[in-house]
Amino acid sequence: MKTLKIAIQKSGRLNEKSVEILKNCGLSFENYKSSLIASVANFPLEILFLRDDDIPEYVQDGIADLGIVGENVIIEAGADVSYLQPLGFGKCTLKIAVQNNSNITELSQLNGKAIATSYPIILQKYLSENNVDAQIRNISGSVEIGPGLGLSDAIFDIVSTGGTLKNNGLKPFKNVMDSQAVLICSKGMEQNAEVLELMQRIQSVLRAKATKYVVLNVAKENLQAVVDLLPGVKSPTVVPLFEEGWVAVHSVIAEQDFWEKINSLKSAGAQGIVVMPIEKIIT
Ligand SMILES: Nc1ncnc2c1ncn2[C@@H]1O[C@H](COP(=O)(O)OP(=O)(O)OP(=O)(O)O)[C@@H](O)[C@H]1O
Ligand SMILES: O=P(O)(O)OC[C@H]1O[C@H](OP(=O)(O)OP(=O)(O)O)[C@H](O)[C@@H]1O
Ligand SMILES: [Mg+2]
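Residues numbered from 1 in each chain as written. Chains lettered and ligands numbered in written order. Predicted model: local features only at pLDDT ≥ 70, side-chain atom pairs only at ≥ 80, totals over all residues. Heavy atoms only, no water.

1. A look at the overall build of the protein chain
Inference 1: Looking only at helices and strands, one finds eight helices and 15 strands in the protein chain.
Inference 2: For a compact globule of 283 residues, the expected C-alpha radius of gyration is about 19 Å, and the protein chain comes in at 24 Å, more than 25% above that figure.
Inference 3: Oriented by its inertia axes, the alpha-carbon framework of the protein chain measures out at about 80 × 55 × 35 Å.
Inference 4: Contacts in the protein chain between residues at least 24 apart in sequence constitute 67% of all its contacts with a sequence separation of at least 6.
Inference 5: Of the roughly 15000 Å² of accessible surface on the protein chain, 49% is carried by carbon and sulfur atoms.
Inference 6: In the protein chain, 26 positive and 31 negative side-chain charges are present, and the distance between their average locations comes to 3 Å. (Helix = DSSP H or I, 4+ residues; strand = E, 2+ residues; numbered from the N terminus. Rg over C-alpha atoms; globule rule 2.2 N^0.38 Å. Contact = heavy atoms within 4.5 Å. Areas by Shrake-Rupley, 256 points an atom, 1.4 Å probe, with all protein chains shown as cover. Lys, Arg positive; Asp, Glu negative; His and termini not counted. Charge placed at Lys NZ, Arg CZ, Asp CG, Glu CD.)

This is how it looks when you write it as structure tokens:
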């Protein structure tokens, strides 16, 4: 059996969550800051710790079979890789931003202006699609200080909370692309047995993360109303309580509408609601 290689970020925004998702898949490996490669003890896999910019090309060229990296970095690199799974972390938007006191309100006003960015390829494509002819200043980081120093009239960078823009006297002007961390593989590796096994594990971890396990008590006369609110993985489990006329209901609830559901359950007669995290859901 061939040992696969997966490339993840060595340090930075995606490192911790990438390590976490692999560990949650049951993979056992040492995560020393100093080592650039780690062997997984219980799966035919080696983990390469790299700068995120290098990951798309490593995967494209088959030096790594798999990778975890932001979509923004893949698109910027123009890498020819297969997308396997969005991972739900590293969520951000690439935006053009201008100074708070700027009078730029239309895209066409960027004609002839200078825009600082670390993502010149994505920006150039967007500008060309919108017939804007601006000068792109390619800088590798701290892009947000550009306008304040007179280096550029606008910037194009990653925005998440908007805090960095605010701290530098900038305001968002145009949203260009949303991004999140994704699992990718080299072309032709999509059906590899170990790749499929890893995908299945990652998906079961993601499904579990998106849900909570709920146990509650309800009087039999209110059971149908409560069950109608709870789909469960297949359907809710209902077991009798020692006290006559009462049952316990076991089910799962989606994280996203959790509080709304809990309030509806209480109104429908649910009592003693216990909520627990789920580790994995295998379907
Ligand atoms: N503020 C943020 N919120 C959410 N996701 C972000 C944020 N900033 C960056 N990201 C995502 O995380 C990725 C890595 O960001 P990071 O700042 O660690 O990159 P980097 O400094 O280029 O790292 P490296 O040292 O590996 O080259 C980005 O490409 C993007 O996909
Ligand atoms: O909207 P916000 O929540 O403020 O996040 C946006 C900032 O986050 C990223 O930088 P990071 O903090 O990762 O530092 P870096 O420039 O060293 O990569 C990005 O380059 C922005 O500067
Ligand atoms: Mg980088």
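2. Some words on unusual backbone geometry
Inference 1: Positive phi outside glycine occurs at Asn131, with the angle close to 55 degrees.
Inference 2: Positive phi outside glycine occurs at Ser142, with the angle close to 45 degrees.
Inference 3: Inspection of the secondary structure puts Ser142 in the loop between strand S8 (135–138) and strand S9 (154–159).
Inference 4: Of the residues examined, Ser142 reaches a relative accessible area of 54% and is grouped as exposed. (Buried < 20%, exposed > 50% of the residue type's maximum accessible area, 1.4 Å probe, protein only.)

3. Some words on the site of ligand 1
Inference 1: As a structural note, the neighbourhood of ligand 1 is formed by 17 residues, with Gln9, Arg13, Arg51, Asp53 and Asn72 the closest of them.
Inference 2: In this structure, Arg51 approaches ligand 1 through a side-chain N or O atom, which is 2.6 Å from an oxygen atom.
Inference 3: In this structure, an oxygen atom belonging to ligand 1 sits 2.9 Å away from a side-chain N or O atom of Asp52.
Inference 4: Calculation on ligand 1 without its partners gives an accessible area of 640 Å², and the protein chains cover 76% of this total.
Inference 5: Residue composition of the shell around ligand 1, grouped by class: five nonpolar, seven polar and five charged.
Inference 6: Summarising the domain contributions, the shell around ligand 1 has at least three residues from each of domain 1 (4–90 + 180–208) and domain 2 (92–179). (Near = heavy atom within 4 Å. Polar contact = N/O pair within 3.5 Å; in protein donor to acceptor, adjacent residues only side chain to side chain. Nonpolar A, V, L, I, M, F, W, Y, C, P; charged D, E, K, R; others polar. Domains from an automatic or database assignment.)

4. Overview of the sheet that holds strand S2 (residues 37–39)
Across a sheet, strands are paired by hydrogen bonds formed along the backbone, either parallel or antiparallel in direction.
Inference 1: Pairing is mixed across the open sheet formed by six strands, whose spatial order is S2-S3-S1-S4-S11-S5. With one partner strand each, in any of the chains shown, S2 and strand S5 (82–86) form the two edges of the open sheet. Pairwise comparison of adjacent strand axes, ignoring direction, gives a mean angle of 25 degrees for this sheet.
Inference 2: Across the sheet, helix H1 (residues 15–24) is in contact with strand S1 (4–9), strand S3 (45–50) and strand S4 (66–70); its angle to S1 comes to roughly 145 degrees. (Pairing = 2+ DSSP bridges. Axes fitted to C-alpha atoms, helices over the stretch in contact; angles between N-to-C directions.)

5. Things to note about the packing of aromatic side chains
Inference 1: Applying the stated criterion to the full structure yields one aromatic pair.
Inference 2: Positioned above the aromatic ring of Phe29 is the side chain of Lys23, whose terminal nitrogen or guanidinium carbon lies 4.6 Å from the ring centre.
Inference 3: One Lys or Arg, Lys174, reaches over the ring of Phe173 and ends 5.4 Å from the middle of that ring. (Phe/Tyr/Trp six-rings, centres within 6.5 Å; stacked < 30°, edge-to-face > 60°. Lys NZ or Arg CZ within 6 Å of the ring centre and 35° of its normal.)

6. Here's the deal with the side chain of Gln85
Inference 1: On the secondary structure map, Gln85 appears in strand S5.
Inference 2: What makes Gln85 buried here is its relative accessible area of 15%.
Inference 3: Setting aside anything within four residues of it in sequence, one finds Gln85 in contact with Ala181, Val182, Leu183, Met199, Ile202, Gln203 and Leu206.

7. Some remarks on the environment of Leu48
Inference 1: Tracing the backbone shows Leu48 in strand S3.
Inference 2: Exposure remark for Leu48: the relative accessible area of 8% places this residue in the buried category.
Inference 3: With near-sequence residues (within four places) excluded, Leu48 lies in contact with Lys5, Ile6, Ala7, Ile8, Leu36, Ile37, Tyr58 and Ala64.

8. Brief notes about the UniProt feature "domain: ATP phosphoribosyltransferase catalytic" (unreviewed entry) in the protein chain
Inference 1: Here the UniProt feature "domain: ATP phosphoribosyltransferase catalytic" (unreviewed entry) sits at residues 51–203.
Inference 2: Here residues 51–203 is 25% helix and 31% strand, with 25 Å between the C-alpha atoms at its ends. (UniProt positions renumbered as here; feature names shortened; annotations may be inferred.)

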